[in-house]
Each structure stands twice: as structure tokens, then as C-alpha cells.
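Here's the letter readout for the chains.
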Amino acid sequence: MAKPIKGQKRAEPLGKYKDLLLMLIPGLSILLLFNYVPMYGIVIAFKDFILSKGIFASPWVGFSNFERLFAGQDFVRALINTITISLMRLGFGFFAPIVLALLLNEVRFQGYKRAIQTLTYLPFFLSWVILGGIFLMFFSLDGPVNQILMSLGKDSPIEFLTNSQWFVFTLILTGIWQGAGYGAVVYLAALSGISPDLYEAAMIDGANRWKQTLHITIPCLRPTILVLFILSLGGILNAGFDQIYNMYSPAVFERADILDTYVLRRLTTMDFGLSTAAGLFKSLVGFFLIVVVNAFVRKTSDGEYGVW
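Attention here is on the structure that accompanies the text. (Residues numbered from 1 in each chain as written. Predicted model: local features only at pLDDT ≥ 70, side-chain atom pairs only at ≥ 80, totals over all residues. Heavy atoms only, no water.)

### Topic: the environment of Y199
By the secondary structure assignment, Y199 is in helix α9 (residues 196-204). By relative accessible area, Y199 is classed as buried at 14%. Along the chain, Y199 and T217 lie 18 residues apart, while their C-alpha atoms are 9.0 Å from each other. (Helix = DSSP H or I, 4+ residues; strand = E, 2+ residues; numbered from the N terminus. Buried < 20%, exposed > 50% of the residue type's maximum accessible area, 1.4 Å probe, protein only.)

Structural data, given as C-alpha cells:
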């Protein structure tokens, strides 16, 4: 048997970690069952799927479903709306958890900090069925928001839910409110790993809290920010189906119809091939963006940062 090279660690037997490996089995089983086994359904995008024949007995149609998909005006409109809403979510919503985490990190009274943190991430665990009903009531013409605005001197109520531009603004605002607290948890965990010695050295050098945040906290958060940004780009064509489906109406259909609602309408007409083609298109775009942006980040950071 070849002797290990000096300085090289000997590979440890897997049996040493059998308890941990056994704990992995349920999670891996769920991952395989719900994420990998259903992948065989992707072939529906290349078939004229007939329920009575099943997936494999249905006739092949090649890229016919994709040709119909890209030629449809409804798809083009849904794609533009999806990209617009997703970019606005990314532009405004991505930085909200970072700002919230930085603000919470400055709170020194732990009881107050825990209370604020709990209140901010609690909305994430509420279904959009519930939140949608609440927001429809709050932002209606005679709802509390318009009543407050009218009491402050506004001449007429704002059509938050029936005006296309105001509806998109309402989507972004309520989405940030719902997800900022939960997103801040990741950054708070990263903040807890920053060595206090760095802050002590900065204080000795005369740096105030703002300079400590600018030159210590934010640079230490950079790897986490980049990884989450890359992963966020992978979902650029996910504009928030649950939220939009529970809040939109025919009055804002032109701006609020996204790829997910488009796919849902196609499913109701039993056009499974076109629906699967749209879903596969979303996945390929997300995969392409993750690979390209990750490669760009690794190249610009000399391989220091990235998802892999």
C-alpha cells in the first residue's frame, strides 16, 4: 500500500460518520423524490401530451411547443411583465434585508433587538392568501391607507389596486415588508461571525460607528451578499406568483400578468406541452444566469468569491 505523502491528511473512513450519514437519508430521500424524480416530466415539453396515452406513449413534436410559446403575444407580454417586476424586486428588495440587518446589529439592548427581529421576520410565515386579503382591505379606495392620506390633505384616494403603476408599486412594497425580516437572518448570522477585535482596533484608531460599518462590517458581508445575489438572479423569472395571484384583478392584468399566471391559464386549457415548455424556459434562463454571473464574480475576485 502506498504511503501517504508527508503533510497530507489520511482519508478518514465513512463509517466514523455513520450516524450523521443516517441523518442525511430522510433529507436526501425527499430531495430525490420531489426534485429529481419529477424531472422525467420535462419530456412533455417536446411532446403532444395526451392524458389517456401517458407521457412516453404521447407523440413527439420536437420544438413545436417552444415555437408556439415564443410566437404567442400573451407570452411576450407575460415575459416583459415578469422581467420588469423581478428587476424592481431585485433592485429594491435585495438591499432591504442588508439594511435591516445592519440596523439591528447596532441595537445594543438585546430584548428590544429580539422583539424587533421577531416582528420583522414573522410576516414571512404568513401565507399570501392571508396577506393578500389583508392588503386588499388596507389598500382599497376606502381602506385605512387612503383614509390616512385623505386626513393628511390628499384630494382623492389613490387606486393602489386598480391602477397598473400603483399596483406594481404596492407589490414591491408589500413584498419587501413580507420578506425583509426573514432575509435579514442570514446577514445577522454572518455579522455574528465578525471578530470583535476588528471593531476594537478600529475604535482605538478613532473610527466612529459609521466608519466601522463602512470599512469592516460591509466588507465582511461581501461574500454573503455576492452568493445571495447570484442565487437571486437564478429566480429572475419568478416574479412572485402567490402574491400576484392573490392580489391582482382584471383592471391591472396588462401589467400584472406574469409567466406563472400565464402557465396556470394554459394548464386550465389542458395545454400541458406549452406549460411545460414555459417552465423549462424559466429554468434554463435561471441556470444560465447563475453560471454566467458566478463565473464573472469568480473572475473579478480571483476565485475568492462565488457559489462554487
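### Details of helix α4 (residues 95-105)
Buried residues dominate α4, accounting for eight of its eleven residues. Turning to α4, its buried residues number three or more, namely A96, P97, I98, L100, A101, L102, L104 and N105. On its buried face, α4 is in contact with α3 (73-93), α5 (110-121), α8 (164-192) and α10 (209-234). (Contact = heavy atoms within 4.5 Å.)

### Re the packing of helix α13 (residues 259-268) against helix α14 (residues 272-300)
Packing of α13 against α14 brings their axes to within 8 Å, and their N-to-C directions diverge by 160°. In terms of orientation, α13 and α14 fall into the roughly antiparallel class. At the point where α13 passes α14, the crossing takes the left-handed sense. Residues L259, D260, Y262, V263, R266 and L267 of α13 lie in contact with α14, whose contacting residues are F272, L274, S275, A278 and K282. Looking at side-chain class alone, the contact of α13 with α14 contains seven nonpolar, one polar and three charged residues. (Axes fitted to C-alpha atoms, helices over the stretch in contact; angles between N-to-C directions. Parallel < 35°, antiparallel > 145°, perpendicular 65-115°, else oblique. Left-handed = near helix turned anticlockwise from the far one by under 90°. Nonpolar A, V, L, I, M, F, W, Y, C, P; charged D, E, K, R; others polar.)

### A word on the nonpolar core
Counting residues in each nonpolar core, the largest one holds 42 residues, and the members touching the most others are L69, F75, Y187 and Y262. Elements with a contribution of two residues or more to this core: α2 (64-71), α3, α4, α8, α9, α10, α13 and α14. Here the element with the most residues in this core is α14; it accounts for eight residues. For L69, the residues in contact, after removing those within four places along its chain, are F75, Y262, L274, A277 and A278. (Core = buried A, V, L, I, M, F, W, Y, C linked by side-chain atoms within 4.5 Å.)

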